[in-house]
Amino acid sequence: MSKYLIYFNQAWVGEHSEAWFAARGPLARAVVAEMKAAGVYVFAGGLEEDPQEAFSADATGGTLRFTEGPYVRHPQFLGGFAVIDAADDEAARHWAGKLAVACGWPQEVRRFKP
């Protein structure tokens, strides 16, 4: 078994009505419930949509500094993710596909290093 990160960039979500988003929530929660039932679920969640709500910790200059807002101001940022423990790449593709269909936007998959 390997752990995989399935995630999306907030920019990939696109513009949709509140009703559209409201209809997607139950679909995504159903996939998470299915992941739990299959024993692959580790963690999943959506992130605050305003990147200004983030804060950063940086010690690269030799002194730890905290700053308000994202470390790098960029129009693309992480919107949400799921961590799964899947048998192989094919199983991870299966779950990423289910999330892509349920959410209505693309998902990217990356395996964690051993």
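The structure this text deals with has already been given above.
Residues numbered from 1 in each chain as written. Predicted model: local features only at pLDDT ≥ 70, side-chain atom pairs only at ≥ 80, totals over all residues. Heavy atoms only, no water.

1. Examining the pattern of salt bridges
Here is step 1: Under the criterion given, the structure shown has three salt bridges.
Here is step 2: For the salt bridge of Asp85 with Lys3, the shortest nitrogen-to-oxygen distance reads 3.7 Å. Here Asp85, found in strand 5 (residues 78-86), pairs with Lys3, found in strand 1 (residues 2-9); they are 82 residues apart in sequence, far enough to count as distant.
Here is step 3: Measuring nitrogen to oxygen at the nearest pair gives 3.3 Å for the salt bridge that ties Glu34 to Lys98. (Salt bridge = Lys/Arg side-chain N within 4 Å of Asp/Glu carboxyl O. Helix = DSSP H or I, 4+ residues; strand = E, 2+ residues; numbered from the N terminus.)

2. Quick notes on the layout of surface pockets
Here is step 1: In this structure, the largest pocket spans a volume of roughly 640 Å³.
Here is step 2: For the largest pocket, the lining is made up of 27 residues, of which Phe8, Ala28, Gly46, Cys103 and Trp105 are closest to its centre.
Here is step 3: Among the secondary structure elements, those contributing two or more residues to the lining of the largest pocket are strand 1, helix 1 (18-38), strand 2 (41-46), strand 5 and helix 2 (89-103).
Here is step 4: For the lining of the largest pocket, the element with the highest residue contribution is helix 1, accounting for seven residues.
Here is step 5: Tallied by class, residues from the lining of the largest pocket come to 14 nonpolar, nine polar and four charged.
Here is step 6: In this structure, the second largest pocket encloses a volume near 230 Å³.
Here is step 7: What lines the second largest pocket is a set of 13 residues, and nearest its centre among them are Pro51, Ala54, Pro70, Phe77 and Leu78.
Here is step 8: Residue classes in the lining of the second largest pocket are distributed as eight nonpolar, two polar and three charged. (1 Å grid on protein atoms, 1.4 Å probe; cavity = no way out; pocket = protein on both sides within 12 Å on 5 of 7 lines; lining within 4 Å. Points joined across faces, edges and corners; volume = space filled by probe spheres on them. Nonpolar A, V, L, I, M, F, W, Y, C, P; charged D, E, K, R; others polar.)

3. Topic: a negative patch on the surface
Here is step 1: Taken together, the side chains of Glu18, Glu48, Glu49, Asp50 and Glu53 present a region of like negative charge at the surface.
Here is step 2: Structurally, Glu53 is set in the loop between strand 2 and strand 3 (55-58). (Patch = residues over 30% accessible without salt bridge, like charges linked within 9 Å, V, L, I, M, F, W, Y side chains within 5 Å. Areas by Shrake-Rupley, 256 points an atom, 1.4 Å probe, with all protein chains shown as cover. Lys, Arg positive; Asp, Glu negative; His and termini not counted. Charge placed at Lys NZ, Arg CZ, Asp CG, Glu CD.)

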